[in-house]
Amino acid sequence: MIMEQNPKVSVIMNCYNSAPYLREAIDSVYAQTFKDWEIVFLDNASTDESANIAKSYDPKIKYFKEEIKVTLGAARNLALKHVKGEYITFLDCDDVWLPTKLEKQIEIMNSKPEIDFIYSNYIINDQVDNKKRVWTTHPQPSGDVFGAFLSVYPVALLTVMIRKKAVYELPEYFDERLGFAEEYDLFMRILMNHKAEYMSEPLSSYRVHSKMSTLNKMVDNIKEMEYVMEKLVMINPSIKTEYADALKHLQTSNALMYTWYYIMTGDYSAAKQKISYYRFSNLKALFYYFLLNMPRPITDLLWMLRCCLKGSRSQQDVIKQNNK
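Residues numbered from 1 in each chain as written. Predicted model: local features only at pLDDT ≥ 70, side-chain atom pairs only at ≥ 80, totals over all residues. Heavy atoms only, no water.

### Looking at the environment of N14
- Along the chain, N14 turns up in strand β1 (residues 9-15).
- Accessibility expressed as a relative area gives 9% for N14, which makes it buried.
- Each C-alpha atom, one on N14 and one on G73, is 10 Å from the other, the two residues being 59 residues apart in sequence.
- Not counting residues up to four positions away in its chain, the partners in contact with N14 are L42, L72, A75, R76, A79, L91 and C93.
- Within the structure, the side chain of N14 is placed 3.1 Å from the backbone oxygen of A75, a separation counted as a polar contact.
- A distance of 3.2 Å separates polar atoms of two side chains, one belonging to N14 and the other to R76. (Helix = DSSP H or I, 4+ residues; strand = E, 2+ residues; numbered from the N terminus. Buried < 20%, exposed > 50% of the residue type's maximum accessible area, 1.4 Å probe, protein only. Contact = heavy atoms within 4.5 Å. Polar contact = N/O pair within 3.5 Å; in protein donor to acceptor, adjacent residues only side chain to side chain.)

Rendered as structure tokens:
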């Protein structure tokens, strides 16, 4: 009897009604120069053609379906149950990989046994504005990155490769209460005790399209990020003192996002209240505070000017709608 050998890499694809882009995503895995992989495909109660598309491929796709939709954290855990590979990667069904993504990350894993987590640069494929650009040209942290990631979190899920043992040693995998920040929660808990490597070469393409998360969902995302911060501090209380500056930077960033949201939805009073405590944290916070203490017509005018300079028509439209 010939025993089936486990693949080197498991690719987790969580799917919910992803038919429009799904075939392109799967094809980008099949186009990899490194061939020793499996796709663990978790269909989260899709009602479109996603199942038929996934099942049209060969047995390298392991297809599993939930009949009732669950949170993204729960769906990712269900997929983890079926992982056979030594390394775990993730690809959402509207994104794609460049052909050498797995090959180049496997090279690092093989040559640097101290590295358990790899992330890379990527291409942003903005199909709303019909533009493509590289995410960043600036160096990103490698090594012991936990403190740096508290301050500014630079990881895109589609770029990641993790040693399976770094995930399986945790008492909890993905937090099933989370629907937006589940990957952030898991990765930060891994990076408390493991080293990371950043690859400046773009190895993936992240698609921006009109059906992505709405403005209202952005607030849910921020709330989940705050929940994760509280959770990390409970796990390791020394974070509050050891990484005090990074935590303050993160809290300011969250306050700025809340303020932006409240301005966009016309609730200037809530925006002013949110930014007041952080107004001296950085220049952007001070600008928002100054803006919100002007008379309302001047605030609207300055905000519209800011949107024009940023080239954001959608922000202008929201403000116009709020003023009707």
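### Considerations on the pattern of salt bridges
- By the definition in use, this model includes 17 salt bridges.
- A salt bridge links K231 to D175; the nearest nitrogen and oxygen atoms lie 2.8 Å apart. Linking K231 in helix α8 (residues 215-235) with D175 in the loop between α6 (164-168) and α7 (182-191), this pair joins segments that are 56 residues apart in sequence.
- Using a relative accessible area of 12% as the deciding quantity, one classes K231 as buried.
- When its relative accessible area of 1% is taken as the criterion, D175 is described as buried. (Salt bridge = Lys/Arg side-chain N within 4 Å of Asp/Glu carboxyl O.)

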